[in-house]
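Residues per chain are reported as follows:
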Amino acid sequence: MTDHTPVPYAGPTRVLSGVQPSGALHLGNYLGALVKFARLQHEMDTFIFVADLHAITVWQDPALLAQQTREIAAAYLAAGLDPAKATIFPQSAVREHAELAWIFQCVARLGWLDRMTQFKEKSGKHKERSSVGLYTYPVLQAADILVYKATHVPVGEDQKQHLELTRDIAGKFNHDFGVQGFFPQPEPLIQGPGARIMSLRDGSAKMSKSDPSDYSRINLTDDADAIAAKVRKARTDPEPLPETLEELGARPEADNLVGIFAALAGRTKAEVLAEYAGKGFGTFKPALADLAVDKLAPVGERMRSLLADPAEIDRILKAGAERASEVAAPTVAEVKKLVGFWGA
Ligand code: AMP
Ligand code: TRP
């Protein structure tokens, strides 16, 4: 009998993630992604890129794209990523992402992509007018991850399905080409109170750059006054904060604000409730506003000062791209050999 137990991946652990340069970053991106990146760089070899190839799946003004890429890089640095520890680079500067993505398009099945909910959300009513790239977006994401044989991927909750697809592609590639353990099965790192930050206007909608109301989100570039005003105006209910997580869970807006407090303070929601149970939003909101200003305003300031020296950001991105290519190129060379291409 043949043994079909997958051979485990035996290579080194490696962290990889990215954010698209397609609009201002908000608190959800900061807590769901950037803060985790900065923490993980101390634990594992870390690769963090600006997902500009993903950004052009919807129209991006060519006159602005490079600057938007620098802005994301500045946000990474402002959030604490250190170019001496983490490899920071623009996705389009490392050609192996696109090269592996093509091969993966021939590995992934149409039925797998048909299930992707983000495409359904982003294409809306006009599926037939969406770019083909918007549809195959998760396949490029799998290439981003696997070209570095990354084992850990810190992301917000909304990326869970894309990580499952990445695991499916890795498994099918290893199986089809008879190379068990060649690609790892990357683990999403999603846990924590910051994994799904909701809109400040609607506790049932994700905080998002595409929400037309600026009061729905706190932008990383908001100044102290704007941050405090948005917390003050956040939608809530009239009840005081409850004692238990179960009761909190039934109140989406309250749950969200407690989650934001917990994530910013580096505490659990239960710990925040232990302090604020029985208190109304008249007490909780000012405390949250102070905390948010304290944690976020300096990040915005650091971003602005970094952006005043674009040449330094460009230097970091260029050095990062070179380092990233050194890791990505051998993977693609091996893959081309496995696929059987001429000259590989
Ligand atoms: P994007 O801006 O869509 O490229 O997202 C960049 C990162 O931020 C991804 O890891 C997302 O999962 C994460 N993210 C986006 N929105 C939120 C949110 N509302 N709450 C938590 N994480 C988020
Ligand atoms: N799709 C991710 C998002 O919208 C961005 C992304 C692209 C990504 N490639 C990735 C995240 C690889 C993690 C790993 O947030």
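Being a predicted model, the structure only gives us computed values, none of them experimental.

### As for the overall build of the protein
The helix and strand tally for the protein stands at 14 helices and five strands. Each of the three principal axes of the protein carries a C-alpha extent, and together these read 70 × 55 × 45 Å. In the protein, which comprises 344 residues, the share counted as buried stands at 49%. Counting contacts in the protein only where the partners sit at least 6 residues apart, residues at least 24 apart contribute 76% of the total. Taken as a whole, the protein presents about 16,300 Å² of accessible surface, with 54% of it coming from carbon and sulfur. Side chains of the protein give 39 positive and 43 negative charges; the mean places of these two sets differ by 3 Å.

### A short note on the site of ligand 2
As a structural note, the neighbourhood of ligand 2 is formed by 13 residues, with Q20, Y137, Q141, D144 and Q159 the closest of them. Measuring from a nitrogen atom of ligand 2, one finds a side-chain N or O atom of D144 at 2.7 Å. Note that a nitrogen atom of ligand 2 is positioned 3.1 Å from one of the side-chain N or O atoms of Q159. Its free accessible area being 360 Å², ligand 2 has 91% of it covered by the protein chains. Among the cavities detected, the one that contains ligand 2 is the largest pocket.

### Brief notes about the site of ligand 1
Taken together, 18 residues lie near ligand 1, and G156, D158, I197, M207 and K209 sit nearest. In the model, an oxygen atom of ligand 1 is placed 3.2 Å from a nitrogen or oxygen of the Q20 main chain. A distance of 3.1 Å separates an oxygen atom of ligand 1 from a polar side-chain atom of N29. Protein burial of ligand 1: of its 490 Å² of free accessible surface, 92% is covered by the chains. The pocket occupied by ligand 1, as judged from atoms lying within 2 Å of grid points, is the largest pocket. Top contributing element to the shell around ligand 1 by residue count: helix α1 (residues 27-40), with four residues.

### Thoughts on the packing of helix α4 (residues 96-105) against helix α14 (residues 310-339)
Axes are the key here: two packed helices are described by the angle between their axes and the distance separating the axes. Packing of α4 against α14 leaves a shortest axis separation of 10 Å and a crossing angle of 25°. Considered as vectors, α4 and α14 are oriented roughly parallel to each other. Crossing handedness for the pair α4 and α14: left-handed. On the side of α4, the interface is formed by E96, E99, L100 and I103, while α14 contributes S325, A328, A329, V332, V335, K336 and V339. Per-class residue counts for the contact of α4 with α14 are seven nonpolar, one polar and three charged.

### Remarks on the domain arrangement of the protein
For the protein, the domain assignment lists domain 1 (14-196 + 309-339) and domain 2 (214-305). The C-alpha-based centres of domain 1 and domain 2 are spaced at 29 Å. Taken together, the contact between domain 1 and domain 2 spans 15 residues of the former and 18 residues of the latter. For the pair domain 1 and domain 2, the summed buried surface comes to about 1,200 Å²; carbon and sulfur atoms form 74% of the total. On the domain 1 side of the interface with domain 2, the three residues burying the most area are L27, A78 and P193, jointly 43% of the side's total. For the interface between domain 1 and domain 2, the tally reads zero salt bridges. Where domain 1 touches domain 2, the interface holds three residue pairs in polar contact (both at pLDDT 80 or more). Among the secondary structure elements, those contributing two or more residues to the side of domain 1 that touches domain 2 are α1 and α3 (65-78).

### Structural notes on the packing of aromatic side chains
Counted according to the given criterion, the structure contains 15 aromatic pairs. Ring centres of Y276 and F284 lie 5.1 Å apart, and the angle between their planes is 75°; this geometry places the pair in the edge-to-face category. On the accessibility criterion, F284 (0% relative accessible area) is buried. Both rings, one in F281 and one in F284, keep their centres 6.3 Å apart while their planes meet at 75°; by these two values the pair is edge-to-face.

### Considerations on the pattern of salt bridges
Evaluated as defined, the whole model comprises 15 salt bridges. With a shortest N-O distance of 3.6 Å, D214 and R217 are connected by a salt bridge. We classify R217 as buried; its relative accessible area is 9%. Across the pair E312 and R315 runs a salt bridge whose closest N-O atoms are separated by 3.0 Å. Note that E312 and R315 are positioned in helix α14 at a spacing of three residues, about one turn of the helix. On the accessibility criterion, E312 (31% relative accessible area) is partly exposed. The structure contains a network of salt bridges with shared partners spanning D214, R217, D222 and K230.

About the cut-offs
Residues numbered from 1 in each chain as written. Chains lettered and ligands numbered in written order. Predicted model: local features only at pLDDT ≥ 70, side-chain atom pairs only at ≥ 80, totals over all residues. Heavy atoms only, no water. Helix = DSSP H or I, 4+ residues; strand = E, 2+ residues; numbered from the N terminus. Buried < 20%, exposed > 50% of the residue type's maximum accessible area, 1.4 Å probe, protein only. Contact = heavy atoms within 4.5 Å. Areas by Shrake-Rupley, 256 points an atom, 1.4 Å probe, with all protein chains shown as cover. Lys, Arg positive; Asp, Glu negative; His and termini not counted. Charge placed at Lys NZ, Arg CZ, Asp CG, Glu CD. Near = heavy atom within 4 Å. Polar contact = N/O pair within 3.5 Å; in protein donor to acceptor, adjacent residues only side chain to side chain. 1 Å grid on protein atoms, 1.4 Å probe; cavity = no way out; pocket = protein on both sides within 12 Å on 5 of 7 lines; lining within 4 Å. Sits in = over half its atoms within 2 Å of the grid points. Axes fitted to C-alpha atoms, helices over the stretch in contact; angles between N-to-C directions. Parallel < 35°, antiparallel > 145°, perpendicular 65-115°, else oblique. Left-handed = near helix turned anticlockwise from the far one by under 90°. Nonpolar A, V, L, I, M, F, W, Y, C, P; charged D, E, K, R; others polar. Domains from an automatic or database assignment. Buried area = accessible area lost by both parts, 1.4 Å probe. Salt bridge = Lys/Arg side-chain N within 4 Å of Asp/Glu carboxyl O. Phe/Tyr/Trp six-rings, centres within 6.5 Å; stacked < 30°, edge-to-face > 60°.

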